[in-house]
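The residues making up each chain are set out below.
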Amino acid sequence: MKLQKISLLKILMLTLFFSKITSAQKIDFSFQDSNLSIEQRAKILVSQMTLEEKLSQLLNTAPAIERLEVSSYDWWNEASHGVARNGKATIFPQGIAIGASFDPSLANRVGTAISTEARAKYIISQKMGNHSRYAGLTFWSPNINIFRDPRWGRGQETYGEDPYLMAKMGISFVKGLQGEDPTYLKTAACAKHFAVHSGPEELRHHFNANPSQQDLYETYLPVFQALVEEVKVEGVMSAYNAVYGDAASGSKFLLQKTLREAWNFDGYVVSDCGAINDIYKGHKTASTREEAAAIALMAGVNLNCGGTYNYLKKALEEGLIKEKLVDQRLIQLFKTRFRLGMFDKNATNNPYTAIGPEHIHSEKHIQLAREAAQKSIVLLKNKNNILPLPKDIKVPYVTGPFANSSDVLMGNYYGVSPNLVTVLEGIADAVSLGTSLNYRSGALPFQKNLNPLNYAPVVVGMSDATICVAGISADMEGEEVDAIASNSKGDRVNLKLPQNQIDYIKTMIEKKKDKPLILVIASGSAVSLEGIEEGCDAILQMWYPGEQGGNAVADILFGDVSPSGHLPITFPKNVAQLPAFDDYSMKERTYKYMTQEPMFPFGFGLTYSKIEFSELKLTSDVLRKKDNLEVSVLIKNTGNYDIEEVVQLYISPNKNEENLPLTSLKSFERISINKGESKNISFTLKPDDLKVVNEKGKKVWRKGLYTITVGNSSPSELSIKLGASKPISKEIQLK
């Protein structure tokens with residue numbers, strides 16, 4: 001009996017052993033063959049998964065499937081201005097600063113540097129078995145929501161308020177992230193947040209955006225369409241909010257009809273983190289979480305950042321969805337991982353697998369970060385040409401709550417750099433060794449000084465020039481869960497500096513006598529300077545300028561580089577000029593629709609030289625639907641500095657009867673031009689560039705008179721008053 005039991009046990013063990021071998025032999029590993037199409041490979045892999053395995057892969061924290069040699073992978077990674085939250089990396093200027101450069105080639109080079117560092121870090125992480133969050137290659141960047149209201153705390157991540165500028169910068173950045181290999185992605189970019197999403201942060205989980213068809217197709221969708229159609233962005237992230245009553249993560253109009261059908265999107269859709277749960281909890285358009293999961297899957301969300309897709313099994317059991325739909329969504333998801341080369345048996349064909357660690361925070365990338373910061377800094381005021389300052393200045397004074405702060409260099413969604421250069425450090429390194437540089441902070445960032453005694457303002461009157469670094473930081477503006485100094489969950493209630501900073505600046509204005517006061521502002525959004533602007537001799541907007549920000553500011557202050565940034569957003573005088581924050585109508589918003597005079601206009605930015613525009617020529621002043629328009633203009637540098645300048649072309653309808661934009665940026669070019677030099681600049685406008693979006697949301701050829709304006713700021717009397725060059729204009733008629 002005992003022997004019989006042993007024999008039976010042996011038979012059972014042998015049966016299990018051979019069963020495992022047979023099972024292993026049945027696995028088709030041809031999905032590792034890079035000679036097959038991406039579609040074939042994804043289908044072969046997914047077809048061999050159990051239902052439980054399939055469902056597990058629809059979550060951002062996808063576990064390993066060892067029997068299929070599928071490693072665990074976390075899709076959540078960030079890279080808006082550098083590899084973020086993943087250790088040592090170069091920190092480039094925040095997105096709004098890159099937008100201020102008006103330099104698509106710069107955005108491309110920054111994106112390329114980021115993806116190079118990302119690949120190098122990924123290779124190292126894989127070797128050490130680190131598959132954790134932020135260690136992957138699928139980046140949920142860039143943020144291309146229109147910065148329609150300067151109170152929005154996350155506007156700093158965007159490239160500005162204008163769809164045309166945003167598209168040009170976003171396309172170039174995505175090209176840099178994704179690389180140009182015809183087969184493999186260097187990294188996978190993701191356009192977020194789709195769609196009609198730009199605050200308030202506090203309401204984002206349950207508010208419904210109901211824009212007009214005109215605003216939807218003129219303002220909110222064009223940048224997403226450009227990134228999908230023109231550069232094949234690999235990912236799109238659905239927003240938290242609802243649009244026309246349906247949660248964005250459950251909107252067939254957005255994710256199916258628009259994204260997949262109209263634009264032919266062939267990438268993956270990821271929900272914003274927790275957004276599918278909002279279908280149930282926030283928007284209450286689902287009665288259960290399994291229903292919310294089913295709604296999102298049916299609408300087109302491939303990947304759930306969060307945990308609501310854990311309810312998909314129950315949704316299947318209840319008949320809300322079918323396994324065939326799970327397969328479709330999962331195949332699309334795995335196509336991204338195949339494009340990244342994650343399952344290739346032979347990796348030698350992938351040009352990105354040999355990028356070495358020497359590229360991480362390399363000297364080349366550090367210098368690129370400095371160049372990017374230089375090109376993004378905007379000179380808003382320069383009374384009596386007080387700037388640049390001489391490097392052999394005897395007694396300069398650096399003060400302000402952020403003069404020696406590294407926090408204001410980084411903005412949000414940042415990496416970690418061992419080389420953060422504050423403004424104080426940059427200035428100390430720039431001035432003569434014989435200069436008696438002095439520093440006191442003078443004011444706390446966000447609250448009144450606790451000590452009533454303060455010697456800092458006194459030093460102003462004893463100095464040859466005072467440089468005050470004021471502003472806000474990502475602690476004050478940002479995402480709802482990160483802005484810990486904000487009592488409005490990351491958004492701004494007004495546009496002023498904190499009151500204690502205003503009081504300190506006013507005190508310095510009183511104490512400075514006849515010596516110059518230079519105000520350097522750190523922020524990711526517009527700052528109202530009412531009551532203090534007139535007392536400052538020069539004003540620099542440095543944004544959140546990245547790790548080399550301090551050096552870049554010093555380069556500008558002391559004339560190594562002429563400022564060349566231009567505002568990618570309008571700076572209103574105060575919050576009273578703005579419509580209600582939660583109103584998604586574009587009326588009175590941005591330079592395109594604002595009828596009131598702002599403090600600083602879109603596109604504005606001074607240099608250390610002067611530009612004259614002349615000889616504007618058009619190939620024709622009467623155009624029909626099929627005609628291109630060639631525009632040329634002569635530009636002359638009449639000042640004393642070699643500079644870079646941004647030449648901007650705008651079109652304005654002479655008669656506006658259909659809520660059209662008052663004026664629209666249609667083209668721009670960043671040029672270098674030496675003192676005394678003249679250059680002829682040409683632009684080509686295609687018929688589609690001259691069309692407008694009507695009240696029904698249709699792009700149409702609208703007959704009538706229009707004005708073409710070329711200058712170095714948006715066309716307005718204020719631009720000229722503040723120091724922009726006089727623009728040059730001509731009329732055209734569309735027939």
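For the structure itself, look to the data block above.
Okay, so let's go over this structure. Counting starts from 1 at the beginning of each chain's written sequence and moves along it residue by residue. Given that the model is predicted, a residue must reach a pLDDT of at least 70 before its local features are reported, and side-chain atom pairs must reach 80 or more before they are shown or counted; all residues, however, enter totals for whole chains, interfaces and linings. To obtain the side-chain values, all non-hydrogen atoms of the structure were included, while hydrogens and water were left out.

This paragraph deals with the pattern of salt bridges. In what follows, salt bridge is the name for a side-chain nitrogen of Lys or Arg lying within 4 Å of a carboxyl oxygen of Asp or Glu. All told, the structure shown has 37 salt bridges when counted by the stated rule. As a salt-bridge pair, Glu-201 and Arg-204 come within 3.2 Å of each other at their nearest N and O atoms. Residue Glu-201 shares its accessibility class with Arg-204, and that shared class is buried. As a salt-bridge pair, Lys-699 and Asp-688 come within 3.1 Å of each other at their nearest N and O atoms. In this pair, Lys-699 sits in strand S22 (residues 699-700) while Asp-688 sits in helix H21 (residues 687-690), placing the two residues 11 residues apart along the sequence. Since its relative accessible area comes to 47%, Lys-699 is described here as partly exposed. The classification of residues rests on relative accessible area computed with a 1.4 Å probe and restricted to protein chains. Under 20% of the type maximum is buried, over 50% is exposed, and intermediate values are partly exposed. Judged by relative accessible area, which is 39%, Asp-688 ranks as partly exposed. Counting from the N terminus, the helices are DSSP H or I runs at least four residues long and the strands are E runs at least two residues long.

Attention shifts here to helix H2 (residues 38-47). Since the α-helix turns once every 3.6 residues, residues separated by three or four places project in the same direction. Buried within H2 we find Arg-41, Ala-42, Ile-44, Leu-45 and Val-46. In this fold, the buried residues of H2 make contact with helix H3 (51-56) and helix H13 (323-339). Only heavy atoms matter for contacts: two residues are in contact if any of them lie within 4.5 Å across the pair.

So, on to the packing of helix H5 (residues 104-127) against helix H6 (residues 163-178). Comment: axis = line fitted to C-alpha atoms, over the contacting stretch for helices; angle = value between 0 and 180 degrees taken between N-to-C directions. Here H5 crosses H6 at 30°, and the two axes come no closer than 7 Å. Here H5 is positioned roughly parallel relative to H6, judged by the angle of their axes. In terms of crossing hand, the pair formed by H5 and H6 is right-handed. Contacts from Pro-104, Ala-107, Asn-108, Val-110, Gly-111, Thr-112, Ile-114 and Ser-115 of H5 reach H6 at Lys-168, Met-169, Ser-172, Phe-173, Lys-175, Gly-176 and Leu-177. Three categories are distinguished: nonpolar for Ala, Val, Leu, Ile, Met, Phe, Trp, Tyr, Cys and Pro, charged for Asp, Glu, Lys and Arg, and polar for the others, with Gly belonging to the last. Split by residue class, the contact of H5 with H6 holds seven nonpolar, six polar and two charged. Note on angle classes: values under 35 degrees are labelled roughly parallel, values over 145 roughly antiparallel, values of 65 to 115 roughly perpendicular, and the remainder oblique. Should the near helix be turned counterclockwise from the far one by less than a right angle, the crossing is left-handed, whereas a clockwise turn marks it as right-handed.

Structurally, the position occupied by Ser-523 is in the loop between strand S13 (517-522) and strand S14 (538-541). By relative accessible area, Ser-523 is classed as buried at 0%. Each polar contact in these results corresponds to two N or O atoms within 3.5 Å; when the atoms are within protein, one needs to be able to donate a hydrogen and the other to accept it, and residues that are neighboring in sequence are counted only if both atoms are side-chain atoms. Within the local environment of Ser-523, its side chain forms a polar contact with the backbone oxygen of Ser-525, the two atoms lying 2.7 Å apart. One polar contact links Ser-523 to Gln-541, side chain to side chain, over a distance of 2.9 Å.

Two rings belonging to Phe, Tyr or Trp (six-membered ring only in the last case) form a pair when the distance between their centres is within 6.5 Å. Interplanar angles under 30 degrees mark stacking, angles over 60 mark edge-to-face geometry, and anything in between is tilted. Inspection of every chain in the model, using the stated rule, returns 25 aromatic pairs. Pairing Phe-31 with Phe-343 gives two aromatic rings, centres 6.4 Å apart and planes at 80°, and the pair type is edge-to-face. Of this pair, Phe-31 sits in the loop between helix H1 (2-26) and H2 while Phe-343 sits in the loop between H13 and helix H14 (363-376), placing them 312 residues apart in sequence. Across this residue pair, the class does not change: Phe-31 and Phe-343 are buried. An aromatic cluster of at least three residues, connected via ring pairs, comprises Phe-102, Tyr-164, Tyr-591, Phe-602, Tyr-650 and Phe-668. The ring of Tyr-584 has Arg-148 lying over it, and the distance from NZ or CZ to the ring centre is 3.7 Å. Criterion for a charge above a ring: Lys NZ or Arg CZ within 6 Å of the ring centre, and within 35 degrees of the ring normal. Against the face of Tyr-413 rests Lys-192, its NZ or CZ located 4.8 Å from the ring centre.

Strands were regarded as paired on the criterion that DSSP finds at least two bridges between them. Spatial strand order, S9-S14-S13-S12-S10-S11: six strands in an open sheet with mixed pairing. Sheet topology places strand S9 (378-382) and strand S11 (438-440) at the edges, where each strand pairs with a single neighbour. In this sheet, neighbouring strand axes are inclined to one another by 15° on average, regardless of whether the strands run parallel or antiparallel. Where helix H18 (residues 499-511) meets the sheet, its contacts fall on strand S10 (396-399), strand S12 (465-471) and S13, and the angle it forms with S12 comes to roughly 170°.

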